[in-house]
Amino acid sequence: MAAYVIVEVEVTDPATYEEYKKLTPASLAAYDGKFIVRGGQYETLEGDWKPNRMVMLEFPSVERAKEWWNSPEYNKAKAIRHRAANTKMIVLEGFEG
């Protein structure tokens, strides 16, 4: 079942975050992941949610998403992100209805 990683990012160091953005795509591809949303404009439809930068990733499964998150391929990028941003990240199963 597909899985999605949803990320809210508050970029605190834009120059360093650009380094992170360059490293991440190859790490995703190595684990069959892809971007669904990568920044972009948004509009709040209900409530008072005012998120920062939003990113959504798709993987074939929760297990594969977690393999990516813990992978050596992503560790370098993750360390850069930790220096350049405050992040909230979840993984959730998709819906097969």
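Going by the structure above, here's the rest.
This report concerns the structure included in the present document.

Criteria and thresholds
- Residues numbered from 1 in each chain as written.
- Predicted model: local features only at pLDDT ≥ 70, side-chain atom pairs only at ≥ 80, totals over all residues.
- Heavy atoms only, no water.
- Salt bridge = Lys/Arg side-chain N within 4 Å of Asp/Glu carboxyl O.
- Helix = DSSP H or I, 4+ residues; strand = E, 2+ residues; numbered from the N terminus.
- Buried < 20%, exposed > 50% of the residue type's maximum accessible area, 1.4 Å probe, protein only.
- Phe/Tyr/Trp six-rings, centres within 6.5 Å; stacked < 30°, edge-to-face > 60°.
- Lys NZ or Arg CZ within 6 Å of the ring centre and 35° of its normal.
- Pairing = 2+ DSSP bridges.
- Axes fitted to C-alpha atoms, helices over the stretch in contact; angles between N-to-C directions.
- Contact = heavy atoms within 4.5 Å.

A complete count under the given rule lists four salt bridges for this structure. The shortest N-O distance in the salt bridge between Arg64 and Asp32 comes to 3.0 Å. Of this pair, Arg64 sits in helix H2 (residues 62-69) while Asp32 sits in the loop between helix H1 (14-29) and strand S2 (34-38), and the two are 32 residues apart along the sequence. A relative accessible area of 46% means that Asp32 is categorised as partly exposed. A salt bridge links Lys34 to Glu58; the shortest N-O distance between them is 3.4 Å. Note that Lys34 is positioned in strand S2 and Glu58 in strand S3 (residues 53-59), a separation of 24 residues in sequence. Look at Lys34 and you get partly exposed, because its relative accessible area is 46%. Glu58 gets classed as buried once you look at its relative accessible area, which sits at 19%.

Enumeration according to the criterion identifies four aromatic pairs in this entry. Seen from their ring centres, Phe59 and Trp68 are 5.4 Å apart, and the 35° between their planes marks the pair as tilted. Here Phe59 and Trp68 have matching classes, each one buried. Three or more aromatic residues joined by ring pairs make a cluster, and in this case those are Tyr17, Tyr20, Phe59, Trp68 and Tyr74. The ring of Trp69 carries the charged tip of Lys78 above its face, separated from the ring centre by 3.5 Å.

Take the sheet that holds strand S4 (residues 85-93) next. Taken together, the four strands give an open sheet; going across it, the order is S2-S3-S1-S4, and neighbouring strands pair in antiparallel fashion. Only two strands of the sheet have a single neighbouring strand rather than two, namely S2 and S4. Put simply, the sheet's adjacent strands are angled 20° from each other on average, direction ignored. Strand direction decides the pairing type here: strand S1 (residues 3-11) and S3, joined by seven bridges, are antiparallel. Note on S3: the bridge partner recorded for Ile6 is Met56. H2 contacts S1, S3 and S4 of the sheet and is inclined by roughly 155° relative to S4. This element, helix H3 (residues 72-84), spans S1 and S4 of the sheet and lies at about 130° to S4.

Keep in mind that these numbers describe shape and distance, not what the molecule does.
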